[in-house]
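# Structure at a glance
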Amino acid sequence: MKTKTLAVCTTFAVTLGAMPLQAQDKPVQATDLVEIFEKLGGKHPGFRKAHAKGMCATGTFTPVANDEFAGAALLNSGQLPVTMRFSLGGANPASDERAPGTRGLGVQIKLPDGRLHYFTGNNFPVFAGKDPETFFGFLSTLLPDENGKSNPAKTMEFVKNNPSVQANVMWNKTAKTPASYANTQFFGLHTFYYDNADKVRTKYRWEIVPTLGVKTLEKDEAEKMPEAFLADTFAKQLADGEVSFSIVANIGEAEDTDVDPSQQWPADRHQVTLGKLTVSSAGSDVCKNINFDPNILSAGFKSSDDPILRMRSPAYAVSFGKRLSNQ
């Protein structure tokens, strides 16, 4: 329970009191999240505090102009250079890639004027908690006691009493091992806005869909793979043909939440394609010192008031500073 659940959540301690367990009342700070990741995954100086193991790639973004995002420089500047980072969830830079669970993707697109636009997502469609306090409380139930043992009963009690964690936990229970980064779908989880020149606002959530299709490995298939196979598999796919993804925006309706990433929007929402990511190379360290902050957006785009999304910037900044100073 501990290993699988932590893998889901590590895109981000409390003292556990009497049952039933609830999210803590005191506001959670960015440093609290970074510290709890280190407690759960161990300290690995010089590495990201979450998604420590990863692979860089470069390529291009070919935009598709559309009415919902009319006038967006991101979609009206021609083909743009892209730097990407594919990753495993968790703080361990030597994670076993055969394990099911979280895979992540960070995308940096550079516009002609030097501005940047980031897409940062995971392969799970809902987040583990409606706010930082709930998420932090959930992670806290995974902390081992003085004997180094975790108590699954505490975790399950917390999940029972905090409904916003439940969909993510259910996803984790059924998650399989992705066959390749090139066969993984990534979800932005959060709500964003685009305001065009006429002050017309578009509410959307994005996802990145692999052209090669989503493929996973059954348990027995995964066990036959090397502990580290994702980079080699990706390189072979790249040598054999095109590796690409579509960035798709799901357009929200008035009733769709814009502040709770633990809730999925209905599947029938109108979709528009923002563009195509095409990978040209993989395996360098070009993404090593990039901080893939999802709140860094190009002109016209804005983050919502989702508290998890807002917390990402300071949490990423703390982690980034520790990494650069080899902490």
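You'll find the structure just up there.
Residues numbered from 1 in each chain as written. Predicted model: local features only at pLDDT ≥ 70, side-chain atom pairs only at ≥ 80, totals over all residues. Heavy atoms only, no water.

### Focus on the packing of aromatic side chains
- Counted under the stated rule, the structure contains 16 aromatic pairs.
- Considering the side-chain rings of Phe119 and Trp206, the 5.3 Å spacing of their centres and the 90 degrees angle between planes classify their relative orientation as edge-to-face. Pair noted here: Phe119 is in strand E4 (residues 116-122) and Trp206 is in strand E8 (residues 201-210), with a separation of 87 residues, a long-range link.
- Assessed through its relative accessible area of 4%, Trp206 is described here as buried.
- An aromatic cluster is defined as three or more aromatic residues linked by ring pairs; in this entry it consists of Phe69, Phe192, Tyr194, Tyr204 and Phe301.
- Lying across the ring of Tyr193, Arg201 places its NZ or CZ 4.4 Å from the centre. (Phe/Tyr/Trp six-rings, centres within 6.5 Å; stacked < 30°, edge-to-face > 60°. Helix = DSSP H or I, 4+ residues; strand = E, 2+ residues; numbered from the N terminus. Buried < 20%, exposed > 50% of the residue type's maximum accessible area, 1.4 Å probe, protein only. Lys NZ or Arg CZ within 6 Å of the ring centre and 35° of its normal.)

### Let's talk about the state of the cysteines
- Here the structure, examined in full by the defined rule, presents one disulfide.
- Covalently, Cys56 is tied to Cys287 through a disulfide, its sulfur atoms 1.8 Å apart. Given an S-S torsion of about -80 degrees, the disulfide between Cys56 and Cys287 has left-handed geometry. Here Cys287 lies in the loop between strand E11 (271-282) and strand E12 (301-303) and Cys56 lies in strand E1 (residues 54-63), a separation of 231 residues in the sequence. Neither residue differs from the other here; Cys56 and Cys287 are each classed as buried. (Disulfide = S-S within 2.5 Å.)

### Considerations on the packing of helix H2 (residues 30-41) against helix H3 (residues 132-140)
- Put simply, H2 and H3 touch, their axes get as near as 11 Å, and they point 20 degrees apart. With respect to H3, the axis of H2 lies roughly parallel. Relative to H3, the crossing made by H2 is left-handed. Counted together, Asp32, Leu33, Ile36, Phe37 and Leu40 of H2 and Phe135, Phe136, Leu139 and Ser140 of H3 form the full contact between these two elements. (Axes fitted to C-alpha atoms, helices over the stretch in contact; angles between N-to-C directions. Parallel < 35°, antiparallel > 145°, perpendicular 65-115°, else oblique. Left-handed = near helix turned anticlockwise from the far one by under 90°. Contact = heavy atoms within 4.5 Å.)

### Description of the pairing of strand E7 (residues 192-195)
- Examined bridge by bridge, E7 and E8 share four bridges and lie antiparallel to one another. Across the sheet, the residue bridging to Asp195 is Arg201, located in E8.
- Pairing of E7 with E12, which is carried by three bridges, proceeds in the antiparallel orientation. Residue pairing in the sheet places Tyr194 in a bridge with Phe301 of E12. (Pairing = 2+ DSSP bridges.)

### Let's talk about the side chain of Asn295
- By the secondary structure assignment, Asn295 is in the loop between E11 and E12.
- A residue is classified by how much of its surface remains accessible, and Asn295, at 19% relative accessible area, is buried.
- Polar side-chain contacts of Asn295 include one of 2.9 Å to the backbone oxygen of Leu309.
- Non-local contacts of Asn295, meaning those with residues more than four positions away in its chain, are made with Ser303, Leu309, Arg312 and Ser313. (Polar contact = N/O pair within 3.5 Å; in protein donor to acceptor, adjacent residues only side chain to side chain.)

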